[in-house]
Amino acid sequence: MTYENIELVDGDWTLQQLPIDRDVLARYASASGDRNPLHLDTDAARAAGEEDVIAHGMLSMAYIGRLLTEAFPHADLVDWKLRFVAKTPLGAQPVAYARVTADSDDGFGVEIRTELRDGTTTSRGDARFSFKRLGDEK
Amino acid sequence: MRGDRVIGLQLPEFEVTVQRSEVVDFATAIGEQRRQFIDVEAAREAGHPDVLLPPTYLFALEFKRPQPYLAVELLGASLSSVLHAEQYFGYRAPCHAGETLRFDPKIDDYVEKSQGRLGFLRRRTTVSRAGDEVAILENLLAIRWDVNP
């Protein structure tokens, strides 16, 4: 399992994952309902031009979601958007990053991305947190 | 024009009552260890009515819609030619297991680029609970026509 802890490194909140294996993809497919064969079936992935199955983009987004709601107050998360810019192949180790950019009395903005160990950026986007929200979340 | 088949398409609305065990399965599958997502007692101690949904779980719930690939099918694309290009979440209120959420998905747009090799299909879904909007999801899929049979 990928039970890693978040760390603050040079202004970047980071969350490192263990290598993505078939078991991780199968459990994510089952739990998320996204059973696109591109993530599960080597033959289907090869027919689509991949070397083997690739990870769900939403798995990278889920890792960023863990990072964002652990580094910052979950209840203050207003919105976030991610673009998936490169594929995450089987065996890759994604690292999620979050860096506070715009800070004000009302809230703050966060740049988010995932990278692989070889430096490939696989997703990037941004999130907004607001202090002026109702709710009693932690 | 392929877009004529899907642009403005109102997908079936549906309701789902969030199952605690499925939230826990999802949280576990993404490596989540914090108790508010996996342990109802811990969630209640923290002031929640039940386990809290991880921020991307609404996307998994949206997969429970009837005919989840209807728009892709109407376009005539194969599932393995579809890649997720972008995803947006906006939140008005936190959601928990045990709540009944209503999803209203609509296809907003379809455009083609790169001499028709790539199609971009945009879906916007509002999520409401007892009539109050709690979230908005926006989804952009890329269809690779060059790998379709």
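Here, every reference points to the structure presented above.
Rules and cut-offs
- Residues numbered from 1 in each chain as written.
- Chains lettered and ligands numbered in written order.
- Predicted model: local features only at pLDDT ≥ 70, side-chain atom pairs only at ≥ 80, totals over all residues.
- Contact = placed C-beta atoms within 7 Å.
- Helix = DSSP H or I, 4+ residues; strand = E, 2+ residues; numbered from the N terminus.
- Nonpolar A, V, L, I, M, F, W, Y, C, P; charged D, E, K, R; others polar.
- Pairing = 2+ DSSP bridges.
- Buried ≥ 20, exposed ≤ 12 C-beta atoms within 10 Å, placed from the backbone.
- Arc of directions from axis to C-beta.
- Core = buried A, V, L, I, M, F, W, Y, C linked by C-beta atoms within 7 Å.

Student: In this structure, what is going on with the interface of chain B and chain A? I would like to understand it.
Tutor: A common way to state how big an interface is: give the accessible area lost once the parts meet. If you look at the interface, chain B gives 32 residues, while chain A gives 38 residues. Listed by contribution, the elements that provide at least two residues to the side of chain B that touches chain A are helix H1 (20–29), helix H4 (57–62) and strand S2 (82–91) of chain B. A per-element tally of the side of chain B that touches chain A places S2(B) first, with nine residues. Classifying every residue of the side of chain B that touches chain A gives 18 nonpolar, ten polar and four charged. Sheet topology note: the strand S3 (residues 77–84) of chain A/S2(B) ladder contains five bridges and is antiparallel. Paired with A:Asp79 across the strands is B:Gly90, a residue of S2(B).

Student: For this particular structure, what's the right way to read H1(B)?
Tutor: In an α-helix, one turn spans 3.6 residues; hence positions three or four apart end up facing the same way. Looking at H1(B), one finds that the buried residues are B:Val23, B:Phe26, B:Ala27 and B:Ala29. The buried residues of H1(B) occupy an angular sector of 165° when the element is viewed end-on, so they sit on one face. Elements that come into contact with the buried residues of H1(B) comprise helix H1 (22–32) of chain A together with helix H2 (35–38) and H4 of chain B. Positive phi appears at B:Gly31, one or two residues downstream of H1(B), with a value of about 80°.

Student: What is the right way to look at the nonpolar core in this model?
Tutor: Considering soluble globular proteins, one finds that nonpolar side chains tend to be buried as a cluster. Counting 60 residues, the largest nonpolar core has A:Ile64, A:Leu68, A:Ala98, A:Ile112 and B:Leu58 as its most contacted members. The element contributing the most residues to this core is helix H3 (residues 57–71) of chain A, with eight residues. With residues up to four places along the chain from it excluded, the contact list for A:Ile112 reads A:Ile64, A:Leu68, A:Trp80, A:Leu82, A:Tyr97, A:Ala98, A:Arg124, A:Gly125, A:Asp126 and A:Ala127. Formed by twelve residues, the second largest nonpolar core is a distinct cluster that contains B:Ala71, B:Val82, B:Tyr110 and B:Ile143.

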